[in-house]
Amino acid sequence: TVPTNVEHIGSYAFLGTNSLNLYLSADSMPAYLDENWDHGIAGYYVGVTSVNTLGDYKYATLTSGNIAIIEYLGQAESVDLTTLNLGAPITAIGGSAFKDSTVKSIVLPETLTEIQAEAFTYTALESITIPASVTSIGGYAFSDCSSLTAVTIPAGVTELAPCVFEKCENLQ
């Protein structure tokens, strides 16, 4: 947790802390964030009221009432998040949430607005359709997905961070 008196987070402040999940309360979000401030962390979540685990999913409940998936703990090759009931809409897939998983196919909910950095890095994903509701895809979100051959990016995506599809050599 970042204290409420922190006003500025500099570039690469958390570099090398690859498994760190940073939880920020709604009133502790610093006013100034340098570019790449979050480089090196697993994920960050603003307005967290609780962190829970249900089945194969670790997730955060946010002050907005929505849900952010923090980590996928399962081994399934096929995942359907549209049938997952965590008590509220899933609006974010956190950084590194599915990293290194065996998931080959995933159905994302239409409530999703954000896919954080490295969310699907090193997975076995073969194709993915990103819902029209998504506006932001973080850096390296799908990097090193060597089996990935097809991606549909909706017109509503306004932020496509660097290296989203790095080393996806079979992507057409």
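See the structure shown above.
Here is a short report on the structure shown in this document.

Thresholds, definitions, all that
- Sequence positions are assigned chain by chain, starting from 1 and proceeding in written order.
- In keeping with the predicted nature of the model, local features appear solely for residues at pLDDT of at least 70, side-chain atom pairs appear and are counted solely at 80 or more, and the whole-chain, interface and lining totals rest on all residues.
- With hydrogens and water excluded, all non-hydrogen atoms of the structure serve as input to the side-chain values.
- Just to be clear on terms, a salt bridge is a Lys or Arg side-chain nitrogen sitting within 4 Å of an Asp or Glu carboxyl oxygen.
- Secondary structure is summarised from DSSP: a helix means a run of H or I of at least four residues, a strand means a run of E of at least two, and numbering begins at the N terminus for each.
- Think of it in three bands: residues with accessible area under 20% of the maximum for their type are buried, residues over 50% are exposed, and the middle band is partly exposed, with areas taken using a 1.4 Å probe on protein chains only.
- Side-chain rings of Phe, Tyr and Trp, where Trp is taken by its six-membered ring, are said to pair if the distance between their centres is within 6.5 Å; with planes under 30 degrees apart they count as stacked, over 60 as edge-to-face, and otherwise as tilted.
- By the criterion applied in these results, polar contacts are pairs of N or O atoms within 3.5 Å in which, for protein atoms, one can donate a hydrogen and the other can accept it, and in which residues neighboring in sequence qualify only through two side-chain atoms.

**Let's talk about the pattern of salt bridges**
- Counted according to the given criterion, the structure contains 2 salt bridges.
- Residue Lys99 is joined to Glu118 by a salt bridge in which the shortest nitrogen-to-oxygen separation is 3.0 Å. Of the two residues, Lys99 sits in the loop between strand S9 (90-93) and strand S10 (105-107) while Glu118 sits in the loop between strand S11 (114-115) and strand S12 (127-129), which places them 19 residues apart along the sequence.
- Take Lys99: its relative accessible area is 29%, and that puts it in the partly exposed class.

**Some remarks on the packing of aromatic side chains**
- Inspection of the entire model under this criterion finds 5 aromatic pairs.
- With a centroid separation of 5.4 Å and an interplanar angle of 50°, the aromatic rings of Tyr57 and Tyr72 are classed as tilted. Note that Tyr57 is positioned in strand S6 (residues 57-62) and Tyr72 in strand S7 (residues 67-72), a separation of 15 residues in sequence. Comparing Tyr57 with Tyr72, the two get one shared label, buried.
- Where Phe98 meets Phe120, the ring centres are 5.1 Å apart and the plane angle is 15°; that geometry is what we call stacked. Of the two residues, Phe98 sits in the loop between S9 and S10 while Phe120 sits in the loop between S11 and S12, which places them 22 residues apart along the sequence. For the residue pair Phe98 and Phe120, the accessibility class agrees, reading buried in each case.
- These aromatic residues form a ring-pair network of at least three members: Tyr57, Tyr72, Phe98, Phe120, Phe142 and Phe165.

**Section: the side chain of Ser101**
- With respect to the element layout, Ser101 can be found in the loop between S9 and S10.
- Judged by its relative accessible area of 11%, Ser101 is buried.
- A polar atom in the side chain of Ser101 sits 2.9 Å from the backbone oxygen of Phe98.

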